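Here is what each chain is made of, one letter per residue.
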Amino acid sequence: MRAVTHMTSLSCRSLRFAIAAFALAALPALGQTPTPTPTPTPTPTPTPTPQAVPAGAEIWTFAGVPSTGVAIGNFDGANLVKDSAGNIWGVAASDDSISRWSADRTTLSRWVMTQYSAPSSLFPDTDGTFWITELGGFKIAHFDPVSGNVTEYTDGARRPTILVKRPDGKFWMPETGGLLAVFDPSVPSFTYYETLDVFYLSYPWQDADGTLFSADFIDGFIVSWPPDVSAATIWTIPSTSLSPSKIVRLEDGKLWISFFDSSELGRFDEKTGTLDVFSLLTSQPYDIHNYRGLVAFTDEIGRVGFLDPAVAIPTSSTVLTSTTATPTIQSTLAAPIVTTTLLVNDTQTLTFPGDVAVVGSAVPGLSEILVNNLVAIWSMLIDEARGRIFFGTVGGFGILEPPPKVDPAELYLRAASSRPLPSDPSRVSRTQVVTWNRGTPDASNVTHTLTSNETLLPDGWITGFFGAATTTVLPGTMVSQDDIVGTDMGTPNALGGVRIYTDQMADTFAWSRTSVPAPGGGTLGYAANAVTGAFALGTGDTGFLFASPDPSRQTIAGLLVTEPSTGTISIIDASGVTKVTYAYDWPGGYRVQGTSIFDAFALPPLPSARISCTVASGHVLMFGSVWDATSGDSAGLDTIGPSSYATGLQIAGYTSGGGVRPTVQIFNPGTSVANVSVSLRVAQPVYGPATLPGGALTSVVVPPGAVATLDVGNPSDAAVTGTLDLFSDVQIAAAATFLAPLASGGNVVYTAPATFFASPSAVPTGSRGIFLAATQNGAVSSTLQFTSTSPNPGNVTVNFTAKDGTAISSSIVTVPPWGVVSLPGWSPGAAIDLGRIDVVPADGTTPFLVVLVRQDNQTRDVDVQLPVVIPK
């Protein structure tokens, strides 16, 4: 029901900052004649220009009920609720209906009540039934959706607002006529309490101790009663704040109030009587909820808003005067049961309307998103389990969600951070992003500057506030944003993924590295190429990540949803036993991770377990990392899918000895045992003396569905680098983890995937492999490593290009049959902080495996980088 019977038209208000203070002019020196100094005119801090906020929306419309001819109207009830099965329930006074929207959003079931009963709110009971307030009939209804029966109790007063269940099983029931009723369904009876000067009670809040708060939405009072209703405290609201509609206690411990007719939110501290009022942009707020420390609200013109109390500045702050009154019992009346009937039920099959990109406005601390233009949104339900905000609107239900996919070619960084380390807040994460504009000429032979728009997708967030940054990249050049989240986006202490969308998507390529400073200098972290949705797991696909082989290191895993997706996430131990399975249903643009993934599922860490995702619909990018809590270093985990399986695999960038301990994990997806042999091909330097060639290391039998973990090197041996070969009689998947001690404590940790000649990262004839962010200086060194997959020799052209697009040098590397060779990741003898390397195999050669091994010279932390493979 609407909380007011009158409306006013107010001009839009913007959130304003406090007027800046300014200093007084200094007094003239002693003995000098004073020179008059004009008094400066105070300059107020300008009102911030609203910024665009992206989001997604779905509006699901319903038909009328054919059997009754009742047409659907506004879902203008006070609340939506979710049952244990995930169904969404709501009531509508305008068409006398009770509605259930199925958890999969494909079916609407509606029960039609007596005409003019006007159900306005519903309360779910523990047995699956619902209690409903009827505005039209002045009744309380008890509805059983299994039988379809409704039992109605006549209310002897005027228009019950909503039901709030007390600890004793009875219900508080504020009345729009000003009475506070207690409804006891066990008798049944109503007891009415009258509080002097209170006339129009709105939607209440009950504290855990039974204290009740409500507001007089016409006369402007806040009222509090103790559980025994022995007294009432009444605070008078300033006359400028109109129509207090809903009152809730939020995460900050304060009571928050929506002021419908003055477009404001209020924060009330009943202990001090202080009311802080926040002006909104352009809204008439109604429903109000807590959302991750923000105040989420709906309004009359189709917006869902979010106010951050830690950032937003009140437009006024007032200490309210209060009075006390002694409520009196006006009457206690029996609640006659009016009727018990079987309601008419109608079921409709719904059609997915598609995601719509919507935009809102934001100023510091306040964001309002227009999801249904000029159409009232009364009630909402924040469903964090499914990453959506459901709301009732004209002719149906709606959904507010993260920004949907804009273009299949848009890029994603699956992980980015500006958070400090939990163990050492002085060490703050940063994510460097390097963007390359290939600069392909158009039909008129003109190249174009690239404008890149980057949006943070905060971990676990639905919508509200998103960090954003913009950068331009000239044709053929690269640009580095050294701290994209904390500096460019201005969002410190943030964690999530990054969406990159440009006006030249076909020419846009990006690379990132998330790191923290090491205690003794240098950095610790890991790098990754930005990927498109083409790398995502799609309908019917299953992919997995290897958990850390050492349970003392946290395994982080999650999903970034590129298209709305349903599926399951499972944790399977090393022996192949599924320990837990979770069914997910998430919208496009949603990103969520488990830190650690075992904590998220209430499991102890399981060494070499598999975190598996099976996609039933849509597309998801799976991601993960392993984290050493002592050092703060982390390493990326590559997603392994069916295309990663082969009987012959290579782990390029392999390192052993010299303090480095390698561990190899091998998964057998088949139904028979896998007999696996492991050998090493040592990389031969292009510039320098030859090294010993390596050879067989070990063998292992891997049971079906199991993971074998091998320590294949001794850290006390001499250092060797090269490619590890895994040969099996059935298809397998594998990955390697490398550890090296850090002088300040803990270990540096890095990883390398197992690939083969047909892998997406292999560079075939007619293609080139691109490495962004090659570095060769005093802090970082880079090494290219080429692995042959053929019994024939082959030539590879290596081109070095500066970040401004200037060609530096070119060389041809000959790789012998089944050989592994390495060369500096930049021109010999030159230094570079940021450059690009292009690797182009000669025509007629078998695909090469190429990696860029990028090492921090102080910490010895390594990134084994795979190339971006594009047409030659």
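For the structure, check the block above.
Bear in mind that the values here come from a model prediction, so they are computed numbers and not experimental data. (Residues numbered from 1 in each chain as written. Predicted model: local features only at pLDDT ≥ 70, side-chain atom pairs only at ≥ 80, totals over all residues. Heavy atoms only, no water.)

A few words now on the overall build of the protein chain. Helix and strand content of the protein chain: two helices and 67 strands. Within the protein chain, the proportion of its 872 residues that are buried is 57%. In the protein chain, the proportion of contacts linking residues at least 24 apart, taken out of those at least 6 apart, comes to 69%. Positive and negative charge centroids in the protein chain, built from 42 and 70 side chains respectively, lie 4 Å apart. (Helix = DSSP H or I, 4+ residues; strand = E, 2+ residues; numbered from the N terminus. Buried < 20%, exposed > 50% of the residue type's maximum accessible area, 1.4 Å probe, protein only. Contact = heavy atoms within 4.5 Å. Lys, Arg positive; Asp, Glu negative; His and termini not counted. Charge placed at Lys NZ, Arg CZ, Asp CG, Glu CD.)

On to the packing of aromatic side chains. Overall, the coordinates contain 39 aromatic pairs when judged by the stated rule. Note on W131 and F171: the rings are 5.4 Å apart at their centroids and 50° apart in plane angle, and the pair reads as tilted. Residue W131 is located in strand β7 (residues 130-134), and its partner F171 is located in strand β11 (residues 171-174); the two are separated by 40 residues in the primary sequence. The exposure classification of W131 matches that of F171, with both residues buried. Ring geometry for F260 against W378: centres 6.2 Å apart, planes inclined by 15°, an arrangement best described as stacked. Here the residue F260 occupies a position in the loop between β19 (255-259) and β20 (264-269), and W378 occupies one in the loop between β31 (366-370) and β32 (380-383), the gap between them amounting to 118 residues. For the residue pair F260 and W378, the accessibility class agrees, reading buried in each case. (Phe/Tyr/Trp six-rings, centres within 6.5 Å; stacked < 30°, edge-to-face > 60°.)

For the rest of this paragraph, the subject is the side chain of Q206. Locating Q206 in the fold gives a position in strand β14 (residues 205-206). Polar contacts involving the side chain of Q206 include one to the main-chain carbonyl oxygen of K165, which spans 2.8 Å. Within polar-contact distance, the side chain of Q206 engages the side chain of W172 at 3.0 Å. Residue contacts for Q206: discarding those within four places in its chain leaves V164, K165, R166, P167, W172, T211 and L212. (Polar contact = N/O pair within 3.5 Å; in protein donor to acceptor, adjacent residues only side chain to side chain.)

The subject of this paragraph is the pattern of salt bridges. Within the structure shown, the criterion is met by 26 salt bridges. Here D168 makes a salt bridge to R166, at a shortest N to O gap of 2.6 Å. Taking relative accessible area as the criterion, R166 reaches 15% and is therefore assigned buried. With a closest N to O distance of 2.7 Å, D459 and R591 form a salt bridge. In this pair, D459 sits in the loop between β39 (450-458) and β40 (468-473) while R591 sits in strand β48 (residues 591-595), placing the two residues 132 residues apart along the sequence. Each member of the pair, D459 as well as R591, carries the same accessibility label: buried. Each member of the salt-bridge network shares a partner with another, and the members are R105, R388, E401 and D585. (Salt bridge = Lys/Arg side-chain N within 4 Å of Asp/Glu carboxyl O.)

Once that is clear, we can look at the sheet that holds strand β8 (residues 139-144). One open sheet holds the five strands; their spatial order is β6-β7-β8-β9-β28, and the pairing between them is antiparallel. A strand with exactly one partner marks an edge of an open sheet, and here the two such strands are β6 (119-124) and β28 (337-342). Direction aside, neighbouring strands of the sheet carry axes that sit 20° apart on average. (Pairing = 2+ DSSP bridges. Axes fitted to C-alpha atoms, helices over the stretch in contact; angles between N-to-C directions.)

Now for the side chain of D628. As for its position among the elements, D628 is in the loop between β49 (610-627) and β50 (634-637). Reaching out from D628, the side chain makes a polar contact with the backbone nitrogen of S631 at a distance of 3.0 Å. At a separation of 3.4 Å, a polar atom in the side chain of D628 contacts the main-chain amide nitrogen of N747. The contacts of D628, once residues within four sequence positions are left out, are R553, D633, G746, N747 and V749.

Buried residues dominate strand β65 (residues 849-856), accounting for seven of its eight residues. Two strands pair when backbone bridges link them, and strand β60 (residues 780-787) and β65 are joined in this way by eight bridges, in the antiparallel orientation. The residue of β65 that forms the bridge with L784 is L852. Connecting the antiparallel pair β65 and strand β66 (residues 862-865) is a turn made up of five residues, with R860 showing a positive phi of about 70°.

Next up on the list: the sheet that holds strand β63 (residues 820-824). If you walk across this open sheet you meet the five strands as β54-β63-β60-β65-β66, and the pairing is mixed. The open sheet terminates on both sides in strands that have one partner only, identified here as β54 (684-685) and β66.

In this section: unusual backbone geometry. Peptide bonds are mostly trans, and most non-glycine residues show a negative phi. The residue after V187, namely P188, is reached through a cis peptide bond having omega -10°. Mapped onto the secondary structure, P188 falls in the loop between β12 (180-184) and β13 (189-194). For Y116, which is not glycine, the phi torsion reads 70° and is therefore positive. Along the polypeptide, Y116 turns up in the loop between β5 (107-112) and β6. Take Y116: its relative accessible area is 63%, and that puts it in the exposed class. For N493, which is not glycine, the phi dihedral falls at a positive 60°. Position of N493 relative to the elements: it lies in the loop between α1 (484-488) and β42 (495-502).

Moving on to the nonpolar core. If you look at the biggest cluster of nonpolar residues, it comprises 42 residues, and the most contacted ones within it are L649, I651, V664, I666, V676, L724 and L726. Take this core: its biggest share by element is eight residues, from strand β57 (residues 720-741). L724 has contacts with L649, Q650, I651, Y654, V664, V678, S679, L680 and L697, leaving out every residue within four places of it along the chain. Within the second largest apolar cluster, 28 residues are counted, among which are L537, I569, Y584 and C613. (Core = buried A, V, L, I, M, F, W, Y, C linked by side-chain atoms within 4.5 Å.)

Tracing the backbone shows T723 in strand β57. For T723, a relative accessible area of 0% puts it in the buried group. Distance from T723 to L866, taken between C-alpha atoms, is 14 Å for residues 143 residues apart in sequence. Apart from the residues lying within four places of it in its own chain, the contact partners of T723 are Q650, I651, A652, Y654, S679, L680, R681, Q785, T787 and V820. Side-chain polar atoms of T723 contact the side chain of Q785, separated by 3.0 Å.

You can see F199 is positioned in the loop between β13 and β14. Sequence separation of F199 and G302 is 103 residues, and the distance between their C-alpha atoms is 30 Å. Those residues in contact with F199 that lie beyond four places of it in its chain are T176, G177, G178, D216 and D219.

We now examine the environment of G618. Among the secondary structure elements, G618 is positioned in strand β49. Here the alpha-carbon distance between G618 and T435, two residues 183 residues apart in the chain, equals 28 Å. With near-sequence residues (within four places) excluded, G618 lies in contact with L537, G538, T539, E563, P564 and S565.

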